[in-house]
Amino acid sequence: MAKRKIVLFSANTRYIGPPLGLLSITKLLDTDKYDIKIITRNEYDNYEEEVVKQCEGALCLGISVISGFPVKVAKKVSQMVKEKYPDLPIMWGGWQTTTLPEITLDAPYVDYVCMGQGERTFKEFVDLVETGNLNKPAGVPTLSKIKHLGYKRDGKIILNERTGTEDLESLPDFNMDLINWEKFFEVTDFGKRVLRITTSYGCPYRCAFCCEPYNSKRIWKTESAGKVINYIKELRKRANFDGLMIVDSNFFVNEQRVSDICKGIIENNFNIKIGQVNGRTNNLVKYKPETWELLKKAGLYNILIGAESGNPETLDFINKDATVEDTLKLVDICSKYGIFLVASVIVGLPTANYFRDSNTAFQEDLDGILTLYDKISKNGSNHHLLTFPYAPLPFSPLYDKAVELGFVPPTDIDTWSDYEFTTVHVPWISKAGFNKILVLNYISVVMSVDFKYLFESVPKYLEVLIVPVISSLKFISKLRFRTKFLSFAVDMWLFNMGMLAFVIINKKLKLVG
């Protein structure tokens, strides 16, 4: 009997890494019954046409979507497919559908949504489609019992029960040959051939600006150290990577698991760097010295932490359950072991100060962050901050507070497609204030990031041109840092234009893979 085809598409066409979410939802699918096609921009330049082509004779189309630009991509592809195959079920999943299921289902080109973790949801949905009963009365009892599923019936939107996070250890591995891993390398400050992986799902903490507490219900589930190491072994057979990004919401919750993973990496002589790994200050400061030594030996390059603010009252307001002192203590620990710290902070959280005087509150926020930056990076180069303007997230505890302060939410799927987290959406952050945030981020990146692997990845004649320019920008950025001068950022404009030009030229000439 011929296999039935399932088509999966990643709508985040600006994302370079592998489609980990799509790969994950294939874990429970019977590969003896189903032929799975995963389509990404990395592997298909003509991805829109490829999706439509592959949908001929398919059981269903699944699309991974986050809010912002990917919604535009997903909309166009869905409309193209609907026009040619009007009866083909289309399911969207990802953060867009997890946080905005009703708005997503309002779109005529979206039939079903997955809210949150999707391995079992997608498996049960696909099996129902395969029976031919999806749109028949016989299929209704099964459809209504599929957890995390949203759908439309008789003009009504129905959202099934959400149950938080499911156990990962008991799930089988996905077929690693569904994609060509060589197409998903990234050049970072710790490697030229870096791949992304996940080892856990969910987060046990309660940050009020985040939608994760409602999504995973503060349940954190993991793959065991042994399973993680076996995964890395299998990945190495398919791709010669020199670094891994572990993109879990919080990798460091369980110190023993972290220690065991490090031991496995060391024992197997993977000889890699590990970077951009998310953790919590109040958790990491409790780690034993032996664990830090293992982390360093295993190749840990940097840690991402949410410092969020230099103001203790703001940390209490957002239920951070961590302190400024925790951040500073972690800085000292990381410095001791030669591990870089990247601390993210948020400007414009809807505290009581913004209700009184938003301009004064913004300046106090910025001053607090600059003071924290001084303490984090005493010489302006070792560790750095990533500063974000507050963007209200639907499905987060602070969302209603933001609306009360004057935030006007997008009203439909098209306006949510313009909701980018790199721009300002709240009226209490001015354009001038946002520009200061941009300059602060530019200073931090140029001062702190090691461009070594970028230099090694370009032809020598370009390296001769790029190195002096970057060195000059680093010098100017250090002056800006010392003087806290965040205006007249001609150097930032030159840097951004240079990076944009490089991206455009690289697309044509393929200077860097």
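Residues numbered from 1 in each chain as written. Predicted model: local features only at pLDDT ≥ 70, side-chain atom pairs only at ≥ 80, totals over all residues. Heavy atoms only, no water.

Some words on helix H10 (residues 255-267)
A turn of α-helix holds 3.6 residues, and therefore any two residues three or four places apart point the same way. Its 13 residues place the ends of H10 18 Å apart at the C-alpha level, agreeing with the 18 Å of an ideal helix rising 1.5 Å per residue. Restricting attention to buried positions, one finds in H10 the residues Glu255, Arg257, Val258, Ser259, Ile261, Cys262, Gly264 and Ile265. Packing partners of the buried residues in H10 comprise strand S10 (200-201), strand S11 (221-222), helix H9 (225-238), strand S13 (273-275) and helix H12 (289-298). Looking at where H10 begins, the residue whose side-chain oxygen comes 3.0 Å from the main-chain nitrogen of glutamine 256 is asparagine 254. The positive-phi residue at the C-terminal boundary of H10 is asparagine 269, with phi of around 50°. (Helix = DSSP H or I, 4+ residues; strand = E, 2+ residues; numbered from the N terminus. Expected span 1.5 Å × (residues − 1). Buried < 20%, exposed > 50% of the residue type's maximum accessible area, 1.4 Å probe, protein only. Contact = heavy atoms within 4.5 Å. Polar contact = N/O pair within 3.5 Å; in protein donor to acceptor, adjacent residues only side chain to side chain.)

Let's talk about the side chain of threonine 97
Among the secondary structure elements, threonine 97 is positioned in helix H4 (residues 95-99). A relative accessible area of 0% places threonine 97 in the buried class. There is a polar contact of 3.0 Å between the side chain of threonine 97 and the backbone oxygen of glycine 94. Here the side chain of threonine 97 touches cysteine 114 through a polar contact of 2.7 Å, landing on its backbone oxygen. Each residue touching threonine 97, except ones within four places of it in the same chain, is listed here: Trp92, Thr104, Val113, Cys114, Met115 and Arg162.

Re the sheet that holds strand S2 (residues 34-39)
Strand order across the open sheet formed by seven strands is S2-S1-S3-S4-S5-S6-S7, with mixed pairing between neighbours. Where the open sheet ends on each side, the last strands, each with one partner, are S2 and strand S7 (156-159). Adjacent strand axes in the sheet meet at a mean angle of 20° when their direction is disregarded. Alignment of strand S3 (residues 58-64) against strand S4 (residues 90-93), held across four bridges, turns out to be parallel. Bridge pairing in S4 places serine 64 opposite glycine 93. Packing against the sheet, helix H3 (residues 69-84) makes contact with strand S1 (4-10), S3 and S4, and its axis sits at approximately 170° to S4. (Pairing = 2+ DSSP bridges. Axes fitted to C-alpha atoms, helices over the stretch in contact; angles between N-to-C directions.)

Quick look at the packing of aromatic side chains
Scanning the entire structure with this criterion turns up 18 aromatic pairs. With a centroid separation of 5.1 Å and an interplanar angle of 80°, the aromatic rings of phenylalanine 251 and phenylalanine 252 are classed as edge-to-face. Of the aromatic side chains, those joined through ring pairs into one cluster are Phe251, Phe252, Tyr287, Trp292 and Tyr337. A cation over an aromatic ring shows up here: arginine 14 above the ring of phenylalanine 69, its NZ or CZ 3.7 Å from the ring centre. Between the NZ or CZ atom of lysine 484 and the centre of the ring of phenylalanine 481, over which it lies, the distance is 4.4 Å. (Phe/Tyr/Trp six-rings, centres within 6.5 Å; stacked < 30°, edge-to-face > 60°. Lys NZ or Arg CZ within 6 Å of the ring centre and 35° of its normal.)

Some remarks on the pattern of salt bridges
One pass over the full model with this rule turns up 23 salt bridges. The residue lysine 33 makes a salt bridge to glutamate 130 at a minimum N-O spacing of 3.9 Å. Taken together, the positions of lysine 33 in the loop between helix H1 (20-24) and S2 and glutamate 130 in helix H6 (residues 119-131) put the pair 97 residues apart, joining distant regions of the chain. What makes glutamate 130 partly exposed here is its relative accessible area of 25%. The partner of aspartate 418 in a salt bridge is lysine 72, with the nearest N and O atoms 2.7 Å apart. Of this pair, aspartate 418 sits in the loop between helix H18 (413-416) and helix H19 (431-448) while lysine 72 sits in helix H3; the two residues are 346 residues apart in sequence, bridging distant segments of the chain. Given a relative accessible area of 36%, lysine 72 falls into the partly exposed group. Overlapping salt bridges, with partners in common, bring together Asp177, Glu234, Lys237 and Arg238 in one network. (Salt bridge = Lys/Arg side-chain N within 4 Å of Asp/Glu carboxyl O.)

Here we look at the side chain of asparagine 282
Tracing the chain through its elements places asparagine 282 in helix H11 (residues 281-284). By relative accessible area, asparagine 282 is classed as buried at 14%. Here the side chain of asparagine 282 touches arginine 280 through a polar contact of 3.3 Å, side chain to side chain. Within polar-contact distance, the side chain of asparagine 282 engages the backbone oxygen of aspartate 321 at 2.9 Å. Non-local contacts of asparagine 282, meaning those with residues more than four positions away in its chain, are made with Asp321, Ala322 and Asp326.

Some words on the sheet that holds strand S9 (residues 191-197)
The four strands lie next to each other as S8-S9-S12-S13, forming an open sheet whose pairing is mixed. Two strands lie at the open edges of the sheet, namely strand S8 (186-188) and S13, each paired on one side alone. With strand direction ignored, the average angle separating the axes of adjacent strands in the sheet is 40°. Alignment of strand S12 (residues 243-246) against S13, held across three bridges, turns out to be parallel. Within S13, the position partnered with leucine 244 by the bridge is isoleucine 274. Packing against the sheet, H9 makes contact with S9 and S12, and its axis sits at approximately 135° to S9.

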